[in-house]
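Coordinates in review
Listed below are the residues making up each chain.
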Amino acid sequence: MARDKNVFEQPSAATVTHDEPPPGLQGMGGGRTFFGHPVGLSTLFFTEMWERFSYYGLRPLLVLFMAAALSEGGFGFDRGQASAIVGIYGFSVYLASLPGGWVADRLLGLQRAIFIGACFITAGHLSIGLSGLAGPGGGKVPFFMGLVLIVMGTGLLKPNISAIVGDLYPEGGSRRDAGFSIFYMGINIGAFAGQLITGALGEKVGWHWGFGAAGIGMLVGLVVFSMRRGSTLQGLGTAPTRLSDPVAQSRRERTVKITLGVGLSIIALIFLLTAMGSLTLDPQAIGQYMVYVTLAMVVLFFLYVFAAGGLSPDEKKRIAVIFVLFIFAVVFWGAFEQAPTSLNLFARDFTDRNIAGFEVPATWFQSVNSFFVILLAPVFAGIWVALGRRNRDFSSPGKFSLGLGTAAIGFFLMIFAARAVVSGGAGTLVSPWWLVGSYFFQTVGELCLSPVGLSSMTKLAPRQYVGQMMGIWFTASGLGSLIGGLVGGHVDPEKLDQMPVLFQRTTMSLVVAAVVLALLVIPIRKMMREVPAKAH
Ligand code: GLN
C-alpha cells in the first residue's frame with residue numbers, strides 16, 4: 001500500500017500542511033488569491049484564455065477561407081484538401097506538446113518556454129493576418145509560415161502552462177483538481193469569445209480581419225504573462241531540471257540543442273522546397289499516412305515500456321489501462337474534432353442562420369460547445385463529487401463509455417439533419433437546433449471524458465512516466481483532429497449523399513466503442529484494483 005501511495009499522491013504530500021502556503025509560494029502575490037486559489041493561477045488563467053481565444057478564433061475560419069473561391073478572397077482549394085490541412089494542423093499542434101514539454105524540462109524551464117511560445121504564436125497570427133496584403137489567392141507562403149509558427153509556439157506554451165498549474169498545488173488532491181477546473185473554464189471562455197469575435201470579423205468584414213483579431217488576442221495574452229509572471233509566479237518553472245554532474249548536464253544541453261537544430265532545419269527545408277514548388281505535398285495522402293505511422297509508433301512505444309520499462313506487474317497493468325483509454329479517446333476525438341471541419345461546413349451550407357434578418361456567422365456555432373462547457377462543467381464536477389460521497393463513483397472507463405455513448409447521440413441527431421438536406425436537395429437549410437442539440441450531447445460526452453482522461457493519466461502512470469503519458473493523451477487529441485480533418489470534406493453540396501453516410505459511420509464507431517468499453521469496465525476495474533476508489 002505504501003508504494004501505491006507514492007504512485008497516486010504527489011511526492012511532497014507528506015511534507016506540506018494544508019494550512020500553510022506550499023513552499024515556493026510563500027509570500028508570493030502578497031497574500032492575494034484568485035477565487036481562493038494561489039494568485040499565480042490568475043496569470044495562467046488569463047494567458048491560456050487569450051491563447052485559446054486566438055487558437056479557436058482562427059481554427060474554424062481556416063477551412064472556410066482555404067476552400068473559398070479566389071473571387072471570395074480565399075485560396076480556392078478543394079474542400080477535402082482544405083479540411084485535411086486543418087486536420088494536419090490540429091494534429092501537429094497537439095503533437096508539438098511532446099517536443100515542447102521536453103525542451104522546457106531540459107533546456108528552457110517552463111516560464112521561458114511559455115514566453116517564447118506566446119511570441120511564436122503572436123508572430124504566426126501576424127504573419128497570417130498580413131498575408132492578406134498579397135491580394136486574392138496570394139500570400140500562401142506567409143499564411144503557411146504562420147501556421148507552422150503557431151504549431152511550434154503552442155507546443156511550447158500549452159503543455160507547460162498546464163504543468164505550472166499543477167506546480168501551484170504541490171499538495172495535489174482535490175484543490176489541484178479544482179484549480180484545473182477553473183483553468184478549463186479559462187480555456188472555454190477564451191474559445192467562446194474567440195469564435196464569436198474573430199468569426200464575425202472573418203465572415204462579415206474580411207478573412208484577414210478575423211485572423212488579425214486572433215493575433216491581437218494572443219498579443220494581449222503575451223503582455224499579461226510578461227507583466228504578471230514576475231510578481232505572481234516567481235520561483236515556479238524558472239529553471240529546467242538539472243543534473244548534479246555539470247559535465248553530464250552540459251552534454252545533455254548539447255544533445256537537446258543539436259536535436260532541436262536538426263528538427264528545425266528539417267522543417268525549414270521542407271517548407272522552403274514546398275514554397276519554391278520543388279516539392280508537392282498532398283494533404284489527404286499525408287494525413288492518412290500520418291494516422292497509421294502515429295498509431296504504429298504509439299503501439300511500439302507501449303511495447304517498449306512493457307518490455308524494457310522496468311515496471312512491476314501492477315504498474316504494467318495500469319499502463320495497459322492507459323493504452324485502452326488512449327484507443328477509445330482517439331475514437332472520441334475523431335468524432336468531436338469534426339467541429340471545425342464537417343460540422344462547420346454543415347453550419348455554413350445547410351443551416352438556416354437567419355434570425356430576424358441577421359445572418360448568424362457559421363463560426364458562431366463553434367461557440368456552442370464552449371458555452372455548454374462553461375454552463376455544465378460545475379454541474380458535472382458536482383455530480384462526480386456527489387456520487388463519490390455516496391461511494392458510487394463511476395470508474396474512468398465507465399465515464400469514458402458514457403462519454404462515447406452521449407457523443408453518439410449528438411451524431412445520431414446529425415444523421416436526421418443530413419437526411420433532411422438530402423431529401424430537400426442542395427439549397428435546403430435545416431433548423432439550427434440540430435447543430436445546437438448535437439453540440440450539447442457532444443459537450444456532455446467531452447465532460448465525461450476529457451477532464452477524466454487528463455487526471456487518469458497523472459494517477460495511473462508510474463511517476464517516471466507521467467510526462468510521457470500526458471504526451472500520449474495529447475497524441476489522442478492530435479489523432480482525433482487528423483481523423484476529423486480527413487473526413488470533414490465529406491460535407492459538400494455537390495456530393496450530398498456522402499453526408500448522412502459520414503454521420504452514420506461516426507455514430508456507429510462511437511456506439512461500438514461505447515459498448516465494447518462498457519463490456520471491458522469490469523475487467524479493467526480488476527486491473528486497477530490497487531487504485532484507491534477515490535482517485536477515479
Ligand atoms: N478544449 C480543450 C482545450 O482546448 C481540450 C481539447 C482537446 O484535448 N482536444 O484545451
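Rules of the game
- Residues numbered from 1 in each chain as written.
- Predicted model: local features only at pLDDT ≥ 70, side-chain atom pairs only at ≥ 80, totals over all residues.
- Heavy atoms only, no water.
- Helix = DSSP H or I, 4+ residues; strand = E, 2+ residues; numbered from the N terminus.
- Buried < 20%, exposed > 50% of the residue type's maximum accessible area, 1.4 Å probe, protein only.
- Contact = heavy atoms within 4.5 Å.
- Core = buried A, V, L, I, M, F, W, Y, C linked by side-chain atoms within 4.5 Å.
- Near = heavy atom within 4 Å.
- Polar contact = N/O pair within 3.5 Å; in protein donor to acceptor, adjacent residues only side chain to side chain.
- Areas by Shrake-Rupley, 256 points an atom, 1.4 Å probe, with all protein chains shown as cover.
- 1 Å grid on protein atoms, 1.4 Å probe; cavity = no way out; pocket = protein on both sides within 12 Å on 5 of 7 lines; lining within 4 Å.
- Points joined across faces, edges and corners; volume = space filled by probe spheres on them.
- Nonpolar A, V, L, I, M, F, W, Y, C, P; charged D, E, K, R; others polar.
- pLDDT = per-residue confidence, 0-100.
- Axes fitted to C-alpha atoms, helices over the stretch in contact; angles between N-to-C directions.
- Parallel < 35°, antiparallel > 145°, perpendicular 65-115°, else oblique.
- Left-handed = near helix turned anticlockwise from the far one by under 90°.

Mapped onto the fold, glutamine 442 is located in helix α15 (residues 433-460). Glutamine 442 gets classed as buried once you look at its relative accessible area, which sits at 1%. Look past the residues within four positions of glutamine 442 in its chain and what remains in contact with it is Phe332, Phe336, Leu343, Ala407 and Phe411.

Unusually for a residue other than glycine, phenylalanine 35 sits at a positive phi of about 50°. Mapping phenylalanine 35 onto the fold places it in the loop between β1 (33-34) and β2 (37-38). Residues other than glycine seldom take positive phi values, yet alanine 356 does so here, at roughly 45°. Within the secondary structure layout, alanine 356 lies in the loop between β3 (354-355) and β4 (358-359).

In this structure, Phe346 and Phe503 are the most contacted members of the largest nonpolar core, which totals 136 residues. Ranked by residue count, the leading element in this core is helix α2 (residues 40-67), at 13 residues.

Moving on, we come to the site of the ligand. Neighbouring residues of the ligand: Arg52, Tyr56, Tyr94, Lys158, Tyr184, Ile187, Trp333, Glu337, Glu446 and Ser477. One nitrogen or oxygen atom from the side chain of arginine 52 is found 2.9 Å from an oxygen atom belonging to the ligand. Between the ligand and lysine 158, the relevant distance is 2.8 Å, taken from an oxygen atom to a side-chain nitrogen or oxygen of the residue. The protein chains hide 94% of the 300 Å² of surface that the ligand would expose on its own.

Within the structure shown, the criterion is met by one cavity of 30 Å³ or more. Each pocket or cavity is described by its volume, and for the largest cavity that value is around 50 Å³. When contributions to the lining of the largest cavity are tallied by element, the ones reaching two or more residues are α2, α3 (79-95), α12 (339-350) and α16 (466-488). Taken together, the residues of the lining of the largest cavity sort by class into three nonpolar, six polar and two charged.

Scored by pLDDT, the protein has a mean of 85; 92% of the residues are at 70 or more. Across residues 532-536, where pLDDT falls below 50, the model places 12 contacts with residues more than four positions away in sequence or in other chains.

Across the interface, α3 lies against helix α6 (residues 140-167) with an axial gap of 8 Å and an inter-helix angle of 30°. With respect to α6, the axis of α3 lies roughly parallel. The two elements α3 and α6 cross, and the hand of that crossing is right-handed. Of the residues in α6, those in contact with Ile85, Tyr89, Ser92, Val93 and Tyr94 of α3 are Phe144, Leu147, Ile150, Val151, Thr154 and Lys158. Residues belonging to the contact of α3 with α6 are distributed by class as follows: eight nonpolar, two polar and one charged.

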